[in-house]
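# Structural overview for review
Next come the chains, spelled out residue by residue.
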Amino acid sequence: LLSSLAPRHVLLYDPEPAMVRAIELEQARRCGGVCMRVYFLVLADSVEEQGYRSDLTAEKEAFEGLILAKGRMALPSEWEGRTAQQLPPQLRLEEEATAGSNAATLRGGRARASSSRGAPTAVVDLREFRSALPNMLQLHGVTLRPATLEVGDYVLAPDLVVERKALPDLVQSLAS
């Protein structure tokens, strides 16, 4: 609407962040063309002003949440190039047991040790690369093959698929 009308003046008497962002985008699109002046007509300390300010606060918190989430998507740069032994202890994977029934359980029923077959391989859903786990697996010598999986997040063996869930999602799944 703004691009088709190409107004030079806009008067907002009920401002909302979505409209303000649309006006900002139109101003940026014009870049150097006809300027658009925007006026807010809001009574100071009114309910409308408080509502607009709370909308801006919610928008700011949403962006901060996105920034924090993006910061967790990959390993921090100070970990880059480190081997698994150089990582902090809380980030290291525990060594797998090599004997007894636990060894077979850890390998999804496969009794042979993974070292006899070479480096372990896992197929990882592409959406999982937003988390740090694939990077951690790779640091520990697991060969990753990215793919879009219809079921699960990690395929560790032909008969072993892992679905990673956040705790609230797990509780909801178990409750249903």
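What this report covers is the structure whose coordinates are included nearby.

Criteria and thresholds
- All residue numbers refer to position in the chain's written sequence, counted from 1.
- pLDDT decides what is reported in this predicted model: residues at 70 or higher carry local features, side-chain atom pairs at 80 or more are listed and counted, and totals for whole chains, interfaces and linings draw on all residues regardless.
- Each side-chain value is derived from all of the structure's non-hydrogen atoms; neither hydrogens nor water enter the calculation.
- Only DSSP runs of H or I with at least four residues qualify as helices, and only runs of E with at least two residues qualify as strands; both kinds are numbered from the N terminus onward.
- Throughout this description, buried means an accessible area under 20% of the type-specific maximum (1.4 Å probe, protein chains only), exposed means over 50%, and partly exposed covers the range between.
- By the convention used here, residues are in contact when the closest approach between their heavy atoms is within 4.5 Å.
- For salt bridges, the criterion is a side-chain nitrogen of Lys or Arg within 4 Å of an Asp or Glu carboxyl oxygen.
- Side-chain atoms within 4.5 Å link the members of a nonpolar core, which is a set of buried Ala, Val, Leu, Ile, Met, Phe, Trp, Tyr and Cys residues.

## Regarding unusual backbone geometry
- A positive phi angle is found at D45, which is not glycine, with a value near 60°.
- Among the secondary structure elements, D45 is positioned in the loop between strand 2 (37-40) and helix 3 (47-71).
- The class for D45 is exposed, based on a relative accessible area of 69%.

## Things to note about the environment of E49
- Relative to the elements of secondary structure, E49 occurs in helix 3.
- Sequence separation of E49 and P15 is 34 residues, and the distance between their C-alpha atoms is 8.5 Å.
- The contacts of E49, once residues within four sequence positions are left out, are V42, L43 and A44.

## So, the pattern of salt bridges
- Summed over the entire model, instances satisfying the criterion amount to six salt bridges.
- Residues D125 and R127 are paired through a salt bridge, measuring 2.8 Å at the closest nitrogen-oxygen approach.
- Residues E128 and R164 are paired through a salt bridge, measuring 2.7 Å at the closest nitrogen-oxygen approach. Remark: R164 occurs in the loop between strand 6 (160-162) and helix 6 (167-175) and E128 occurs in the loop between strand 3 (121-125) and helix 5 (133-139); sequence separation between them is 36 residues.
- Residue E128 is classed as buried on the basis of its relative accessible area of 10%.

## Looking at the nonpolar core
- Counting residues in each nonpolar core, the largest one holds seven residues, listed as L2, V10, L12, V20, I23, M36 and Y52.
- For this core, the secondary-structure elements that each account for two or more residues are strand 1 (9-12) and helix 2 (17-30).
- If we ignore the near neighbours within four places in the chain, the residues touching Y52 are P15, E16, P17, V20 and F40.
- Of all hydrophobic cores here, the second largest spans six residues; its members include L137, V142, L144 and Y154.

The values reported here are purely geometric and, on their own, carry no functional implication.
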